[in-house]
Amino acid sequence: MAKILFINQEITPYVPKTHIADMGRDLPFKMQEAGFEIRTFMPKWGNINERRGQLHEVIRLSGMNIIIDDTDHPLIIKVASIPQTRLQVYFIDNDDFFMKRQMAVDENGKEYSDNGERAIFFARGVLETAKKLRWVPDVIHCQGWMGAIVPLYIKEVYHNEPAFAHTKVVTSLFNQKLDSLSEANFKDCLEFKDVNAKVLTEYKDTFDFAELEKLAIDFSDAVIEAEPGVDSFLTDYAKSKGIPFVPYSDDDETAKYKSLYDNLIAK
C-alpha cells in the first residue's frame, strides 16, 4: 500500500474553517478512502482547544531539541483523531513558538516576527518525528506556507536517509500572503547540514511569502494550484520548472490527485 505524508498548515475542526483548513481534513481522508496509507501533521497553534480536540502528548516521540540559530527548542508531539474519520493528526508543539499564540498573525493582525523560525522548527520537527515513527512515505504533500521549507530539507538534508531516500514531494499553492519572514538572518537560520549559503545563494536575503513559495517549488517534484487567486508569478514559475503542474478546477479533485500520486510513485 502506497504511503502519503500530509504536512498541513491548518486542519478543521481544530482551527477556524477556511479553504486550506478544509483541504487539510478532506484530502487526507479522501486519499485514505482511495486506498493510500496516510499520516498527517500540523502545528499545535495556540488557538487550538486541546480539551475539546482531545489532544494528548506522545511521550515516546517528544523530548528532542531542535537547534535554530544556536538556540535549543524542545519538540513536543501531541496526537488526536479527527471526529467521524479514521484519521489521526500529529501536532508539532513548542512553548515558545506556539503556546498562547495565534497562527501567522497575533490578535491585532500583526505578523509574528519569528514566523520564519516557526516554519523551520515545524519542518524539522515533522521530518524527525516521521523518522521516529519508522514509517517511510512514498509521497510528502505540503499544504500551506508553514510546510514550505520541507521540500528543501527533503532534497538537500534527508535525501540519504532510508526514510526519505525515494520520497517524492508535492507542494500545493494557496492564495496566502506574508509581508516578510522578518528575521534579518532567516537564510542563516535555514542553514542545516547540507543546506548552506551556496545552496541558498540565488534567494533574496529578505524572504517574503513569494520567495518562500519559490523555494518550495524549486525542491518539489510536482505543484498543485489548490485554490483560485494564487499569485500568477508563482503559478508561472512552477510551470517553468518542467515538473507536473495541476491547475485549479471546481471539480472534485480526488481522481486528479490520486493520478498524480500514482504517477510520481511509479517513476
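Just so we're clear, the structure is a prediction, and the values are computed from it rather than from any experiment. (Residues numbered from 1 in each chain as written. Predicted model: local features only at pLDDT ≥ 70, side-chain atom pairs only at ≥ 80, totals over all residues. Heavy atoms only, no water.)

Here the focus is the environment of threonine 235. Of note, threonine 235 is situated in helix α8 (residues 232-240). Taking the relative accessible area as the measure of exposure, threonine 235 reaches 6% and is therefore buried. A sequence separation of 18 residues divides threonine 235 from isoleucine 217, and the C-alpha atoms of the two residues are 9.6 Å apart. Apart from the residues lying within four places of it in its own chain, the contact partners of threonine 235 are Leu173, Glu225, Val230 and Phe245. (Helix = DSSP H or I, 4+ residues; strand = E, 2+ residues; numbered from the N terminus. Buried < 20%, exposed > 50% of the residue type's maximum accessible area, 1.4 Å probe, protein only. Contact = heavy atoms within 4.5 Å.)

A separate point is the nonpolar core. With 95 residues, the main nonpolar core has Tyr14, Ile149, Tyr153, Leu190 and Tyr261 as its most contacted residues. With eight residues, helix α4 (residues 115-132) is the largest single contributor of residues to this core. If sequence neighbours within four positions are ignored, isoleucine 149 has contacts with Gly116, Ala119, Ile120, Ala123, Phe186, Leu190 and Leu212. (Core = buried A, V, L, I, M, F, W, Y, C linked by side-chain atoms within 4.5 Å.)

Next up on the list: the packing of helix α7 (residues 209-218) against α8. The interhelical angle for the contact between α7 and α8, taken along N-to-C directions, is 20°, at an axis separation of 10 Å. Taken together, the axes of α7 and α8 are roughly parallel relative to one another. In terms of crossing hand, the pair formed by α7 and α8 is right-handed. Along the contact surface, α7 presents Phe209, Ala210, Glu213, Lys214, Ile217 and Asp218, while α8 presents Phe233, Leu234, Tyr237 and Ala238. Here the contact of α7 with α8 is composed, by residue class, of seven nonpolar, no polar and three charged. (Axes fitted to C-alpha atoms, helices over the stretch in contact; angles between N-to-C directions. Parallel < 35°, antiparallel > 145°, perpendicular 65-115°, else oblique. Left-handed = near helix turned anticlockwise from the far one by under 90°. Nonpolar A, V, L, I, M, F, W, Y, C, P; charged D, E, K, R; others polar.)

Inspection of the entire model under this criterion finds 16 salt bridges. Aspartate 22 is paired through a salt bridge with lysine 17; the nearest N and O atoms lie 2.8 Å apart. Two residues, lysine 131 and glutamate 161, come together in a salt bridge whose shortest N-O distance is 3.3 Å. You can see lysine 131 sitting in helix α4 and its partner glutamate 161 sitting in the loop between α5 (150-156) and β9 (168-173), a full 30 residues away along the chain. For lysine 131, a relative accessible area of 26% corresponds to the partly exposed category. A relative accessible area of 22% places glutamate 161 in the partly exposed class. It is possible to trace a salt-bridge network through shared partners that takes in Lys17, Asp22, Arg25 and Asp26. (Salt bridge = Lys/Arg side-chain N within 4 Å of Asp/Glu carboxyl O.)

Turning to the side chain of lysine 187, a few remarks are in order. Assignment of secondary structure puts lysine 187 in helix α6 (residues 186-190). Given a relative accessible area of 14%, lysine 187 falls into the buried group. Once you skip the residues sitting within four places of it in the chain, lysine 187 turns out to touch Leu200, Thr201, Tyr203, Lys204, Asp205 and Phe207.

Strand order across the open sheet formed by nine strands is β3-β6-β7-β2-β1-β8-β9-β10-β11, with mixed pairing between neighbours. Every other strand in the sheet has two partners, leaving β3 (56-57) and β11 (245-246) as the edge strands with one partner each. Bridge count for strand β8 (residues 139-143) against β9 is five bridges, and the pairing is parallel. Bridging from a neighbouring strand, valine 139 pairs with lysine 168 of β9. (Pairing = 2+ DSSP bridges.)

Our next topic: the packing of aromatic side chains. A complete count under the given rule lists 13 aromatic pairs for this structure. Both rings, one in tyrosine 14 and one in phenylalanine 91, keep their centres 5.1 Å apart while their planes meet at 85°; by these two values the pair is edge-to-face. Of the two residues, tyrosine 14 sits in the loop between β1 (3-8) and α1 (19-33) while phenylalanine 91 sits in strand β7 (residues 88-93), which places them 77 residues apart along the sequence. Phenylalanine 91 carries the same exposure label as tyrosine 14, and that label is buried. Members of the aromatic cluster, joined through ring pairs, are Trp45, Phe97, Phe98 and Phe121. It is arginine 101 that lies over the ring of tyrosine 112; its NZ or CZ is 4.4 Å from the centre. (Phe/Tyr/Trp six-rings, centres within 6.5 Å; stacked < 30°, edge-to-face > 60°. Lys NZ or Arg CZ within 6 Å of the ring centre and 35° of its normal.)

Everything listed here is a matter of geometry and, on its own, says nothing about what the molecule does.
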